[in-house]
Structures are given as structure tokens and as C-alpha cells.
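Per-entry structural report
Here is how the chains run, residue by residue.
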Amino acid sequence: MLTLEDTWVDMGDFTLAADLSVPEGRRVAVLGPSGAGKSTLLAMIAGFQPLTRGRVMWRGAPMTDDPAARPISMVFQDNNLFPHLTVTQNVGLGLRPDLRLTREDRNRVEAALARVGLTGKGARKPAQLSGGQIARVALARVLLRDRPILLLDEPFDALGPALRAEMLDLVGELARETKATLLMVSHNPEDARVMSDDVILVVDGRAYAPVPTAQIFDNPPDALRDYLGR
């Protein structure tokens, strides 16, 4: 269970509160208006945003303050690839930050690239890839990190509808295979319908507890209704 226990951040002109739990293995969409705090919520969980109050728990134990030591992999909107490194090196960072990859490491990198449909692309630099391929590199790195919590912060916003749908399908497959607990920020309600078990609504300075996706869309609260323009 991932639990945000009475958590609150005060950033001066912005505050966000969350007191909620996500069962292990659930796929959760994080929805809400621009500026509501969706990315801040993920940063709180990942440890990049210090808490003013409360604590983040995983399997009943408080998470460490060190983001690198948390059981979390995160994919950002820009996919966070290093332009001077090859695809193999960018993915290899998920195994060894010093990039001293053994033969076994390289075999694991190649297997991860094959799983996301990038066989034979290891020698390329990010500038030689399409937007969809760049997203796949980021997912391959996440796959190698093998952490039980996966956070996605609008990683596919720049993609066209068909490619976006393809990437959502791939994320769903990877989450099922790894049994990861998945939280994905999106501005597109259809993403939630396609890939999520539950929805966390972030609005008016609060992240609300997850609600089953079908339930929240069949009977949306006023805040979601306003966001959807209904």
C-alpha cells in the first residue's frame, strides 16, 4: 500500500494537502486543472518536494528522505534523456549510474529495448529518434530499474493521438507484467478511461482519495464536472 499520511506542502503562494492510500498494483490516473498540483503530488511521493507536514509510506513503513533510495521510478514530461549519450547508455543508467556496464548488464539493456520495440536502436542518440521512440527509451530504463512504484508525469503529451494510445497500451502492459503501482498525471480524461483502475482528483489545493474510474465518470463530483466542462 502506498499511503500519504496527512501530507501537506506549503510553497508560499501554493499549498497542497493529501491524505490517501493507493493499493499495491493499482493503476491510477491523476486528473485536475492546470496548476492544481498534479505534478507536485508526484514530486511529494518521489521525494523531490519536501513535506511541510506528514509522511509518505510504502508497505507500512515511512519512505526515506533520499529520493534515489525510494522504491520509485519516475518518467517526466521531457523523458529526461541525456542528449550526448546513446540509447544503450541512457537505458543503462537505470542499472549503473557510472555506466560501467558488464556483459550481463548490456544483455539486460538489449532485452529491455526489445521489450519496448527498440531492437537495434541502441547506438542512436536521442536526436536521431522520434518522439514515440524517445518515450520508449524512458520506459525501457524504468523497466530495468524494477521499482514497485511507477510515476508518470504527462510523458506522452507531445505525441499525436494514435501514438499516444499506443504508448498508453505499452504502459499498461508493462505495469501488468511488473505488477507495479502506477500513478500517471494527464490532462486528457480519456487516458484515465483507457488505462486506469482509479482516479485521483487534484483541485483547490487538495488531492482527493482514489475513486474507481467508472464510478467517478458516471457520477462526477462538481470539481470534475467543471474540469470536464459539463
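Within each chain, residue numbers correspond to sequence positions counted from 1 in written order. Confidence filtering applies because this is a predicted model: local features only for residues at pLDDT of at least 70, side-chain atom pairs given and counted only at 80 or more, and all residues used for totals across whole chains, interfaces and linings. For the side-chain quantities, the full set of heavy atoms in the structure was used; hydrogens and water were omitted.

**Notes on the pairing of strand β9 (residues 198-203)**
- With a 1.4 Å probe rolled over the protein chains alone, any residue whose accessible area is under 20% of its type maximum counts as buried; one over 50% counts as exposed, and the rest are partly exposed. Where helices and strands are cited, they refer to DSSP runs of H or I of at least four residues and of E of at least two residues respectively, numbered from the N terminus. Burial of β9 is extensive: six of the six residues sit out of reach of the surface.
- The alternating pattern of β9 places D198, I200 and V202 on one face and V199, L201 and V203 on the opposite face, and all of these are buried.
- Here the rule is simple: two strands pair whenever DSSP picks up at least two bridges between them. Across four bridges, strand β3 (residues 27-31) lies against β9 in parallel orientation. Among the inter-strand pairings, V30 is bridged to a residue of β9, identified as I200.
- Examined bridge by bridge, β9 and strand β10 (residues 206-207) share two bridges and lie antiparallel to one another.

**Quick look at the environment of R96**
- Among the structural elements, R96 can be located in the loop between α2 (87-92) and α3 (103-115).
- Whether two residues are in contact is decided by their heavy atoms: any pair within 4.5 Å suffices. Contact partners of R96, with chain neighbours within four places excluded, come to L101, T102 and D105.
- Reaching out from R96, the side chain makes a polar contact with the backbone oxygen of R100 at a distance of 3.5 Å.
- At a separation of 2.5 Å, a polar atom in the side chain of R96 contacts the side chain of D105. Any N or O atom pair separated by 3.5 Å or less is treated as a polar contact, with the protein-specific requirement of one donor-capable and one acceptor-capable atom, and with residues adjacent in sequence counted only for side-chain atom pairs.

**Comments concerning the packing of helix α4 (residues 131-145) against helix α5 (residues 161-178)**
- All axes here are fitted lines through C-alpha atoms, helices being fitted over the stretch that makes contact, and every angle between N-to-C directions spans 0 to 180 degrees. Across the interface, α4 lies against α5 with an axial gap of 11 Å and an inter-helix angle of 10 degrees. Looking at the two axes, α4 sits roughly parallel to α5. For the pair α4 and α5, the contacting residues are G132, A135, R136, L139 and L143 in the first and L163, E166, M167, L170, V171, L174 and T178 in the second.
- Partitioning the contact of α4 with α5 into residue classes produces eight nonpolar, two polar and two charged. Comment on the angle field: the value is read as roughly parallel under 35 degrees, roughly antiparallel over 145, roughly perpendicular from 65 to 115, and oblique elsewhere. For this scheme, ten residues count as nonpolar: Ala, Val, Leu, Ile, Met, Phe, Trp, Tyr, Cys and Pro. Four count as charged, namely Asp, Glu, Lys and Arg, and the remainder, Gly too, count as polar.

**Observations regarding the packing of aromatic side chains**
- Aromatic rings from Phe, Tyr and Trp, taking only the six-membered ring of Trp, are treated as a pair when their centres fall within 6.5 Å; an angle between ring planes under 30 degrees marks them as stacked, one over 60 as edge-to-face, and anything in between as tilted. Within this structure, the stated rule accounts for zero aromatic pairs.
- Either the NZ atom of lysine or the CZ atom of arginine qualifies as a charge over a ring when it sits within 6 Å of the ring centre and within 35 degrees of the ring normal. The aromatic ring of F217 is capped on one face by R193, whose charged end is 4.1 Å from the ring centroid.

**A word on the nonpolar core**
- In these notes, a set of buried Ala, Val, Leu, Ile, Met, Phe, Trp, Tyr and Cys residues joined through side-chain atoms within 4.5 Å is what counts as a nonpolar core. Core analysis: the biggest nonpolar cluster contains 31 residues, and V91, L139 and F156 have the highest contact counts within it.
- In terms of residues, this core owes the most to one element, α4, which gives seven residues.
- L139 has contacts with V116, F156, M167, L170, V171 and L174, leaving out every residue within four places of it along the chain.
- The next biggest cluster of nonpolar side chains, apart from the first, holds 28 residues, and it includes L2, M44, W58 and V202.

**Section: the packing of α3 against α4**
- It is at 9 Å that the axes of α3 and α4 come closest, and there the two elements cross at 130 degrees. Taken together, α3 and α4 sit at an angle that is classed as oblique. Between α3 and α4 lies a crossing whose hand is right-handed. Listed contacts from α4 to R108, V109, A112, L113 and R115 of α3 are A140, L143 and L144.
- In terms of residue class, the contact of α3 with α4 is made up of six nonpolar, no polar and two charged. By definition, turning the near helix anticlockwise from the far helix through less than a right angle yields a left-handed crossing, and turning it clockwise yields a right-handed one.

**Thoughts on the environment of K38**
- Position of K38 relative to the elements: it lies in helix α1 (residues 38-46).
- With residues near it in sequence (within four places) discarded, K38 still touches V30, L31, G32, P33, V185, S186, H187 and V202.

Honestly, it's all geometry; don't read function into it.
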